[in-house]
There are 2 protein chains.
Amino acid sequence: MNIEQFKKEAHQMVDWMAEYFESVEKYPVKAKVKPGDIKAQLPKEAPEKGESFETIMEDFERIIMPGMTHWHSPNFYAYFPGNKSRSSVIGEMLTTALGAQCMSWITSPSAAELEETVMEWLRDILGLPKHFTGVIQDTASTATLCAILSARENLTDFSINEHGFSTGDKFTVYSSEHVHSSIDKAVRIAGIGSANLRKVPVDQEFAMIPDELERMIEQDIKDGFKPLCVVSAVGTTSTTAIDPVKAISHIAIKYKLWHHVDAAYAGTALMLPEMRWMAEGVEMADSFVVNPHKWMFTNFDCTAYFVKDTKALINTFSMTPEYLKTAEDQKVNNYRDWGIQLGRRFRALKLWFVIRDFGINGMQEKLRNHLELASWFKDQLMKRPDFEVLAPVHLNLICFRYVPDGEDDLNSLNQKLMDSLNESGKMFLSHTVLNDKYTLRIVFGNTDVERRHVESTWDFIQKTAQQLTEAIT
Amino acid sequence: MNIEQFKKEAHQMVDWMAEYFESVEKYPVKAKVKPGDIKAQLPKEAPEKGESFETIMEDFERIIMPGMTHWHSPNFYAYFPGNKSRSSVIGEMLTTALGAQCMSWITSPSAAELEETVMEWLRDILGLPKHFTGVIQDTASTATLCAILSARENLTDFSINEHGFSTGDKFTVYSSEHVHSSIDKAVRIAGIGSANLRKVPVDQEFAMIPDELERMIEQDIKDGFKPLCVVSAVGTTSTTAIDPVKAISHIAIKYKLWHHVDAAYAGTALMLPEMRWMAEGVEMADSFVVNPHKWMFTNFDCTAYFVKDTKALINTFSMTPEYLKTAEDQKVNNYRDWGIQLGRRFRALKLWFVIRDFGINGMQEKLRNHLELASWFKDQLMKRPDFEVLAPVHLNLICFRYVPDGEDDLNSLNQKLMDSLNESGKMFLSHTVLNDKYTLRIVFGNTDVERRHVESTWDFIQKTAQQLTEAIT
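Reading the values: the criteria
Residues numbered from 1 in each chain as written. Chains lettered and ligands numbered in written order. Predicted model: local features only at pLDDT ≥ 70, side-chain atom pairs only at ≥ 80, totals over all residues. Heavy atoms only, no water. UniProt positions renumbered as here; feature names shortened; annotations may be inferred. Contact = heavy atoms within 4.5 Å. Buried area = accessible area lost by both parts, 1.4 Å probe. Salt bridge = Lys/Arg side-chain N within 4 Å of Asp/Glu carboxyl O. Polar contact = N/O pair within 3.5 Å; in protein donor to acceptor, adjacent residues only side chain to side chain. Helix = DSSP H or I, 4+ residues; strand = E, 2+ residues; numbered from the N terminus. Nonpolar A, V, L, I, M, F, W, Y, C, P; charged D, E, K, R; others polar. Buried < 20%, exposed > 50% of the residue type's maximum accessible area, 1.4 Å probe, protein only. Least-squares fit on C-alpha atoms with pLDDT ≥ 70 in both.

In the nomenclature of an unreviewed UniProt entry, chain A corresponds to Pyridoxal-dependent decarboxylase from the organism Splendidivirga corallicola. Turning to chain A, the UniProt annotation filed under Sequence similarities (unreviewed entry) states: "Belongs to the group II decarboxylase family." Entered under Cofactor (unreviewed entry) in the UniProt record, the comment concerning chain A runs "pyridoxal 5'-phosphate".

So, in structure tokens, the structure goes:
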């Protein structure tokens, strides 16, 4: 493909992108295909000869598009959003065109120094303490693994990195019952073991009970374990419950545990001064993660990981073979030493585009709008005796279920309700289980979600719920 | 930014991209900036109000561009290429526009099934055995970590995941002295410890000596260690040395070790039947990694990780909290369970674009051309008594140094030569150390490198070397 062909195809792609953004609401939000449908249409072998771009795009439209779930649809309410914005898309086009691999300062000084700057901006925008230093990771899974590994190495004076688990010590990690699966995974990878992840009971609002945490730590110490790390959640995945960061910090300090704060989704809301209560005490924590790709209008993947002590992080991951040594190593940030992967995309660029395009005010306005939409939706639910809100609504996630009179098997009913809603193609929401209750989760965090979407969603939920009950009775 | 603004800015970005691709040779390959130069020009605080795209792009051109190292320049010969091609760039634009987060089948069925298909294509193109199953990872660092963790869990019946290193067993991992740093890092992360990574001696061609491997395994068994895994390299980082995969496989089978083949760079050359000798015996290995983002014209990041036993991989990483359960879980590939991160980009798309745009023949042609360029360059070096080739040239990486008469400190001279070459801005190459000799590494693997680049590079190297000697004498 020569430059002229590239220009032609890339301009056509931009038109396709614009058309897609304009028409995304018209597609079924959740793909209406069955397992195997897509693969059955793809050739079993790669082509011998190159094919025209026209053919590739035709196949894309015909085969791939019907199997896409549209994360960018304003009616995508499932999980947490994997967000994007138009400025982020353009920023990512630039990252792609430059194609820099940002493992070391020398392999693109601008990438390293823009990352440093943008992380400082973000720290300040979120009201995080000045003694936090940030680095971009791909996902919160990776950042949390970095935290657990730093905790492991810091407590053992970097001896497990060197000698493995050779002393027979047994370590424990703590988080609430509502912990994200990435913490389970990190505890396994780090060689600590799932059985040594203590799930601390939660209160009625699904937030960790600090007294229970302390009790469990003391019991473990008595039983000969070495408590290593506590992970608190500012916004759990199921309900955006807020663990009491301050109380947990005090306990972490008392027992010398690493304290990692997982604010992957909700952390973005710290941009709003009125929401900073969520993270009170964060200045005492050792690390903190927030995903700009979740609610900060930035294309996946982009995770911001902040640490109090960069040395603990770098000493955990640094290694410089001969072929990577450079004259500047002592003066610069070589971000390959700040995480797991050697290779790194130039992710700071899209975040820089987003922050500058929106401005702090623009981002705050969007967030407040999302909170209002959620609040309105919650109010509608509260007005209805046949709907029930199942968790406090701190942000823009609402946990609810349908509780019509005379229906015994509410779990089965609500699962059916969710399936009907999702199969309609009009919206996509996901579920959790709270106190054995099958619970629908709806999140109003998509960059482009507006009041009209939330209103028609509410209408459709009521109608579908009613039809379901009528069909049963 | 509304749709009209997006179209305007994105079309301008395409023009910028095309202009950049056309003019990339004009930029200094390695950025000519000093530590701190870029950061000093960036504001310390994020803007309160949104800024115009014009301003952002002006700042990008003025501040960021001078600090970019141009990985896409045909004169970028350092490390291994972090490649791209125009079809890959367009594919990535599409990934960005769709913004799908591909953790589960349901979150984009097309992404899951296209990944499955493209990995089958790639397996067959590379002549890998049909019993290999592929999954896309971000980087080889991650894939190798997956291999070491799978080895750890497989050998211990998944007990470390569950209980941690509680039995006091001491495990060992083996690789050649020329192992990539990612293996060191993985051994640390997995809790095995650097001290238990055995570096097996290499022969004169820098390839692992199987007898030494076997001797070390036996010694370790005698000493009470449990050998876990051997990593062989098909193309080491320093010299693209080829470890004897077949002999290593036999040893791995004999002692029940997991055998991971690291072909991150050189694996792409298996597309050429005449290069398949490199991986003879690979069908006996347990896992294999190759990076399409290195030499397969695909934008970073895109790593293909193949395993013989998907169950060992999935059992190592799978966990399904309530909020991720779906009705299709038993029938589909949920790739979140095939690696470390929960969140995943739609990376299969760009690889699909590249394979279809080039076709197998087109890719083979490019690779053969790169091999010829390297062969020509090596011939030029061999003709000159004052240059020395320091390692076998199996592929398109040449390790060499300048050895003029009457110069004692060749290491210092060659370091100066490299610095002069890189500071010229005309090219960027990197170094290694072989048998205590400071060695220049030059790789002809960039998508757009042509004979004219290699010729002028060779001219400039000779001229610079001569000037350096003249300046000294």
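A word on the interface of chain B and chain A. Tallying the contact residues gives 150 residues for chain B and 150 residues for chain A. Approximately 13,100 Å² of surface area, both sides summed, lies buried where chain B meets chain A, with 65% of it carried by carbon and sulfur atoms. Remark: the boundary between chain B and chain A carries 12 salt bridges. A salt bridge links Arg-345 of chain B to Glu-92 of chain A, with the shortest nitrogen-to-oxygen separation between them at 2.8 Å. Run the count over chain B and chain A and you get 75 residue pairs in polar contact (both at pLDDT 80 or more). For the side of chain B that touches chain A, the element with the most residues is helix 1 (residues 3-23) of chain B, which contributes 15 residues. Residues of the side of chain B that touches chain A, tallied by class, amount to 70 nonpolar, 42 polar and 38 charged.

Quick look at the environment of Lys-325 of chain B now. Take Lys-325 of chain B: it is sitting in the loop between helix 11 (310-317) and helix 12 (348-383). Given the relative accessible area of 41%, Lys-325 of chain B is considered partly exposed. Put simply, Lys-325 of chain B and Asn-422 of chain B are 97 residues apart on the chain and 53 Å apart in space, counted from C-alpha to C-alpha. Those residues in contact with Lys-325 of chain B, other than ones at most four positions away along the chain, are His-431 of chain A together with Thr-320 of chain B.

Before going further, it helps to examine the relation of the copies chain B and chain A. When chain B is fitted onto chain A, the two copies agree to an RMSD of 0.0 Å after a turn of 180° and an axial shift of 0.0 Å. What we have between these two chains is a two-fold relation. Counting the interface residues of chain B, we find that 100% of their copies in chain A are interface residues as well, pointing to one common contact surface.

Attention now goes to unusual backbone geometry. Residue Asp-301 of chain A is bonded to the preceding Phe-300 of chain A through a cis peptide linkage, with omega at 5°. Structurally, Asp-301 of chain A can be placed in the loop between helix 10 (292-295) and strand 7 (303-307). In this structure, Phe-158 of chain B takes a positive phi of about 60° despite not being glycine. Here Phe-158 of chain B is to be found in the loop between helix 5 (140-155) and helix 6 (159-163). Since its relative accessible area comes to 22%, Phe-158 of chain B is described here as partly exposed. In this structure, Asp-436 of chain B is a non-glycine residue whose phi angle is positive, near 65°. With respect to the element layout, Asp-436 of chain B can be found in the loop between strand 10 (430-434) and strand 11 (437-443).

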